[in-house]
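# What the coordinates show
In case you want the letters, here they are:
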Amino acid sequence: MSVLIAVDKFKGSLTGVELSDAIATGMRRALGEGFTPRICPIADGGDGTVDAALASGFDEVQTQVTGPAGQPVTVRYAFDRAAATAVIEVAEACGIRLLGADLDALGATTFGVGELILHAVERGASTIVIGLGGSATTDAGAGMLSALGVRFEDAPNPAEVHGGGGLRGVTGVDLSSLDPRLAGVDFVMASDVTNPLTGENGAAAVYGPQKGATLEQAKELDALLGLAAGFIEQALDVVLGTYREAPGAGAAGGLGFACLSVLGARMRPGVDVAFELTGFNDALDGADFIITGEGKFDTQTLQGKGPAGVAQAGKRVGARVVAICGGSELEEDAWRAAGFDGVYSVLGTGVSLEESLANPRPHVEKIAEQMARDFLI
């Protein structure tokens, strides 16, 4: 029987590679030391996509960029020189985790994302995959565009806009100074967010409060994003609303809008992009039994997350699919309907949440051993 281990991470405790190793170790206790599964860590286009790309053979590149509060931060991305492809995560340069409790909805900037893009271009990237998720920002990508050469006329600092608040007073946008090297780059947005840029379902209204915005600040940000979008669409000579109302324009605080409009990015489901990057689609060939999983199984798992994609793919090839997770909030009928043949939870073994978060590996190994006995012996 051909066994494939294709797991995401246990966020904050085990990477995809570490989780895969723990599962394989536990399974060998039941199946013998000669057991050799195929291992392919996966992701869903968000946090962990760079790690998954690195595990599949990409090289790690580190550089320093401007963080969300204007501070220097060291970031990393994955690069495949042969394919001239870079994989970056917005969260590395402007992630909400970088601010902790010091959220700044009006001031947090995406400038570092632009710097990260330029660094990848300088290394020779002709394709850049951007994982959109986990941002602290709501600036319609103005900071990123500033770093790439765009000028926002009559802004407090036309050549270096920081945060949605930095768009106050803008009277126009000059795209003529956009770095010419970007014209030859294929940008791919990995995201499952379908929100438009503005309005009641837009970036500021829906996600602004999570990034520290008060009700009044969210309203102001919505107006500022709409103002900037109008000038950008005018500069591009397209019908107003063409990009502002596009699904995904509201991703990462409106960074999706800047990518779609100015960078000409293609938006694709995060799971599809991640599966291609990690080689999961090739690893799936011939698999009879697949183990997948992530830290928490809940309703979001079934809405475009990596394990749900694995389950669907597994069923298409006739494989049985079992998941191992830290904790599960799903009823059996829900996970079975999603294509899973079994779900094993660390918390379900009586381990406390604190124990699970502190050192999940021995518990994962024990679960994997039992899972192998249940399904493979």
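Just above, that's the structure.
Below or above, wherever it landed, is the structure these notes cover. (Residues numbered from 1 in each chain as written. Predicted model: local features only at pLDDT ≥ 70, side-chain atom pairs only at ≥ 80, totals over all residues. Heavy atoms only, no water.)

What the six strands build is an open sheet, ordered E3-E4-E5-E6-E9-E10; its pairing is mixed. The two strands at the open ends of the sheet, each matched to only one other strand, are strand E3 (59-66) and strand E10 (266-268). Between one strand axis and the next, the sheet turns by 25 degrees as a mean value, whatever way the strands run. As paired elements, strand E5 (residues 85-89) and strand E6 (residues 127-131) share five bridges and run parallel to each other. From the neighbouring strand, valine 87 faces E6, where its bridge partner is valine 129. Strands in contact with helix H4 (residues 111-122) are E3, strand E4 (72-80), E5, E6 and strand E9 (186-190); relative to E3, the strand with the most contacts, it is inclined by about 140 degrees. Set on the sheet, helix H9 (residues 270-278) makes contact with E5, E6, E9 and E10; between it and E10 the angle comes to about 90 degrees. (Pairing = 2+ DSSP bridges. Helix = DSSP H or I, 4+ residues; strand = E, 2+ residues; numbered from the N terminus. Axes fitted to C-alpha atoms, helices over the stretch in contact; angles between N-to-C directions. Contact = heavy atoms within 4.5 Å.)

The sheet built from five strands is open, its strands ordered E2-E1-E11-E13-E15 with parallel pairing. Only two strands of the sheet have a single neighbouring strand rather than two, namely strand E2 (38-39) and strand E15 (342-345). Its contacts with the sheet place helix H14 (residues 361-376) against strand E1 (3-5), strand E11 (289-292), strand E13 (320-325) and E15, and it is angled at close to 160 degrees to E13.

This next bit is on the packing of helix H1 (residues 16-31) against H14. Packing of H1 against H14 leaves a shortest axis separation of 7 Å and a crossing angle of 50 degrees. When the axis of H1 is compared with that of H14, the two are oblique. Seen from above, H1 lies across H14 with right-handed handedness. Residues Glu18, Leu19, Asp21, Ala22, Ile23, Thr25, Gly26, Met27, Arg29, Ala30 and Leu31 of H1 form the contact with H14, whose own contacting residues are Arg361, Val364, Glu365, Lys366, Ala368, Glu369, Met371, Ala372, Arg373 and Leu376. Across the contact of H1 with H14, the residue classes break down as eleven nonpolar, two polar and eight charged. (Parallel < 35°, antiparallel > 145°, perpendicular 65-115°, else oblique. Left-handed = near helix turned anticlockwise from the far one by under 90°. Nonpolar A, V, L, I, M, F, W, Y, C, P; charged D, E, K, R; others polar.)

The subject of this paragraph is the packing of aromatic side chains. In this structure the tally under the stated criterion is three aromatic pairs. Ring geometry for phenylalanine 289 versus phenylalanine 375: centroids 5.6 Å apart, planes at 40 degrees, classification tilted. Taken together, the residues phenylalanine 289 in strand E11 and phenylalanine 375 in helix H14 connect sequence positions 86 residues apart. (Phe/Tyr/Trp six-rings, centres within 6.5 Å; stacked < 30°, edge-to-face > 60°.)

On to unusual backbone geometry. For alanine 84, which is not glycine, the phi torsion reads 50 degrees and is therefore positive. Position of alanine 84 among the secondary structure elements: in the loop between E4 and E5. Classification of alanine 84 by relative accessible area gives buried; the value is 16%. Phi at aspartate 237 takes a positive value of approximately 60 degrees, unusual for a residue other than glycine. When you line up the elements, aspartate 237 lands in the loop between helix H7 (215-236) and helix H8 (251-261). Overall, the relative accessible area of 70% leaves aspartate 237 in the exposed class. (Buried < 20%, exposed > 50% of the residue type's maximum accessible area, 1.4 Å probe, protein only.)

This part is about the pattern of salt bridges. Pairs can form between side chains of opposite charge once their charged atoms are near each other. A full pass over the atoms with the stated rule returns 19 salt bridges. Among the salt bridges present, the one from arginine 361 reaches aspartate 21, with a minimum N-O distance of 2.5 Å. Within this pair, whereas arginine 361 is found in helix H14, its partner aspartate 21 is found in helix H1, the two being separated by 340 residues in sequence. Using a relative accessible area of 24% as the deciding quantity, one classes arginine 361 as partly exposed. Through salt bridges with shared partners, a single network forms among Asp21, Arg29, Arg361 and Glu365. (Salt bridge = Lys/Arg side-chain N within 4 Å of Asp/Glu carboxyl O.)

Note that soluble globular proteins tend to have their nonpolar side chains buried in a common cluster. Of all hydrophobic cores here, the largest spans 59 residues; its most connected members are Ile117, Ile128, Ile130, Met144, Phe152, Leu167 and Phe187. When residues of this core are assigned to their parent elements, the largest contribution, seven residues, is made by H8. Those residues in contact with leucine 167, other than ones at most four positions away along the chain, are Asp139, Ala142, Phe152, Val161, Leu224, Leu225, Leu227 and Ala228. The next biggest cluster of nonpolar side chains, apart from the first, holds 25 residues, and it includes Ile5, Ala24, Ala30 and Val351. (Core = buried A, V, L, I, M, F, W, Y, C linked by side-chain atoms within 4.5 Å.)

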